[in-house]
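The chain contents come next:
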Amino acid sequence: MDQRLLLMHQTMLADRPRLAAYDRALERAVGAGDVVADVGAGLLVLSMLALRHGAGHVYAIEADPETAALAAEIAQANDLKGRLTIVQGDARTVRLPEKADVVVSEMMGNLGPEEQMMEVLGAFTETNLAPGGRVVPHRLATRLAAIEFDGEGWGLWGEDFLGHRLDAVQDRVAPAAQLHFFQRPPTLLSRPVTIADHRSGDGRRPHARESRTLTVTRPGRLQAIVGYFSATLAKGVTLSNLPSYPGCNWAVWVWPLRHTPVSAGDLLRVGLRPPEDVRNVLDYRLSCGLRQRR
Ligand SMILES: C[S@@+](CC[C@H](N)C(=O)[O-])C[C@H]1O[C@@H](n2cnc3c(N)ncnc32)[C@H](O)[C@@H]1O
């Protein structure tokens, strides 16, 4: 088996706040005896949570044949026969033998849309969700904010690194995205704005805006725009990769900018142009114009 796949599942299962959030959401969404569909079931962790909260039957849909075969072994080892059915295939074309009361999935990309979760859920629920059924998560938003790093990442290329200037590097800046794991929380120089927002039932295309204005809320050195997701799993239960938390399996995307001093009240017009294929985050192009308060 591809060891990178195993490592991916290992990292996701080690992200305890992720599982705790799904646990809380499924506790709210699943009623006794409900039929649950786990879309992109992987190694069945969300299916197991659904069973723990009283699901009568779980359909675990998994596109990858190797992962689905391993999931079948796990189901057998846990004596889940009769309570769980593994369906190997692309959820967009799967038709279950009965309608699901609850559909659960975790396919959020670092920015939100890269794994096409809401599109896959849109196609799946059209065919398989019972009237009045619940979808977990039911909302996926992509947010942007202006940041100053705490002496890491793109923030290193400044005027003082061990007493030397490295700011010549800033001349090489490109408006392409970098993947970043924060070691220390950045300073948010603006309130976040939502650039794409997709709710279940919206159809297959997310609602996305080409550009938004960020208002600087505190003085600092503008160094980058950060992009991250916020998923609403159930009422009162959200999951996000910013702020980062210990064990978080997601990075965030940052678009580096020339380091620029900014003051409260300055306005940043930020445009984000998605590529043809939303899976290629490196190709999301950012444009950014600063209007400084006099
Ligand atoms: C991020 S993993 C999540 C696995 C598991 N649900 C968990 O929370 O640990 C997403 C899984 O969805 C599967 N997947 C991706 N697209 C799919 C599709 N269109 N239909 C079914 N499975 C899909 C992938 O193969 C992968 O195993």
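Everything below is about the structure printed above this text.
Residues numbered from 1 in each chain as written. Predicted model: local features only at pLDDT ≥ 70, side-chain atom pairs only at ≥ 80, totals over all residues. Heavy atoms only, no water.

S.K.: For a nonpolar patch on the surface, give the residues involved together with the corresponding values.
M.R.: A cluster of nonpolar side chains, namely Leu156, Trp157, Phe161 and Leu162, defines an oily patch on the protein surface of about 380 Å² accessible area. Within the secondary structure layout, Trp157 lies in the loop between strand E6 (139-148) and strand E7 (178-180). According to the relative accessible area criterion, Trp157 is partly exposed, its value standing at 30%. (Patch = residues over 30% accessible without salt bridge, like charges linked within 9 Å, V, L, I, M, F, W, Y side chains within 5 Å. Areas by Shrake-Rupley, 256 points an atom, 1.4 Å probe, with all protein chains shown as cover. Salt bridge = Lys/Arg side-chain N within 4 Å of Asp/Glu carboxyl O. Helix = DSSP H or I, 4+ residues; strand = E, 2+ residues; numbered from the N terminus. Buried < 20%, exposed > 50% of the residue type's maximum accessible area, 1.4 Å probe, protein only.)

S.K.: Quick rundown of the sheet that holds strand E3 (residues 84-88)? Include the residues and the values.
M.R.: Strands sit in the order E3-E2-E1-E4-E5 across an open sheet of 5 strands; the sheet is parallel. Strands with a single pairing partner mark the edges of an open sheet, and in this sheet they are E3 and strand E5 (129-136). Put simply, the sheet's adjacent strands are angled 20° from each other on average, direction ignored. This element, helix H2 (residues 16-29), spans strand E4 (100-105) and E5 of the sheet and lies at about 160° to E5. (Pairing = 2+ DSSP bridges. Axes fitted to C-alpha atoms, helices over the stretch in contact; angles between N-to-C directions. Contact = heavy atoms within 4.5 Å.)

S.K.: Provide a residue-level description of helix H3 (residues 45-52), including the pertinent values.
M.R.: Within H3, 6 of the 8 residues are buried, which leaves the element mostly enclosed by the surrounding structure. The inward-facing, buried residues of H3 abut helix H1 (3-14), H2, strand E1 (35-39), strand E2 (57-62), E3 and E4. Just past H3, the residue Gly54 takes up positive phi, approximately 105°.

S.K.: So what's going on with the site of the ligand? Residues and values would help.
M.R.: Within the structure, the ligand sits among 19 residues, and Arg18, Gly40, Glu62, Asp90 and Ala91 are positioned closest to it. Within the side chain of Arg18, one N or O atom sits 2.8 Å away from an oxygen atom of the ligand. Glu62 places a side-chain nitrogen or oxygen 2.6 Å from an oxygen atom of the ligand. For the ligand, whose accessible area on its own is 600 Å², the fraction buried by protein is 88%. At the level of elements, H1 and H3 are the ones that each hand at least two residues to the shell around the ligand. Looking at which element gives the most residues to the shell around the ligand, the answer is H1, with 3 residues. Residue composition of the shell around the ligand, grouped by class: 9 nonpolar, 4 polar and 6 charged. (Near = heavy atom within 4 Å. Polar contact = N/O pair within 3.5 Å; in protein donor to acceptor, adjacent residues only side chain to side chain. Nonpolar A, V, L, I, M, F, W, Y, C, P; charged D, E, K, R; others polar.)

S.K.: I'd like a rundown of the packing of aromatic side chains, residues and numbers included.
M.R.: Counted by the stated rule, this structure contains 2 aromatic pairs. Measuring from centroid to centroid gives 5.9 Å for Phe149 and Phe182, while their planes differ by 45°, and the two rings are tilted. Separated by 33 residues along the polypeptide, Phe149 in the loop between E6 and E7 and Phe182 in the loop between E7 and strand E8 (187-188) bring together distant segments of the chain. Note on Phe149: relative accessible area 5%, which makes it buried. Judged by centre distance (4.9 Å) and plane angle (75°), the rings of Phe229 and Trp250 are edge-to-face. On the criterion of sequence distance, the pair formed by Phe229 in strand E12 (residues 220-234) and Trp250 in the loop between strand E13 (237-240) and strand E14 (252-262) is long-range, its members being 21 residues apart. The residues Phe229 and Trp250 share a single accessibility class, namely buried. (Phe/Tyr/Trp six-rings, centres within 6.5 Å; stacked < 30°, edge-to-face > 60°.)

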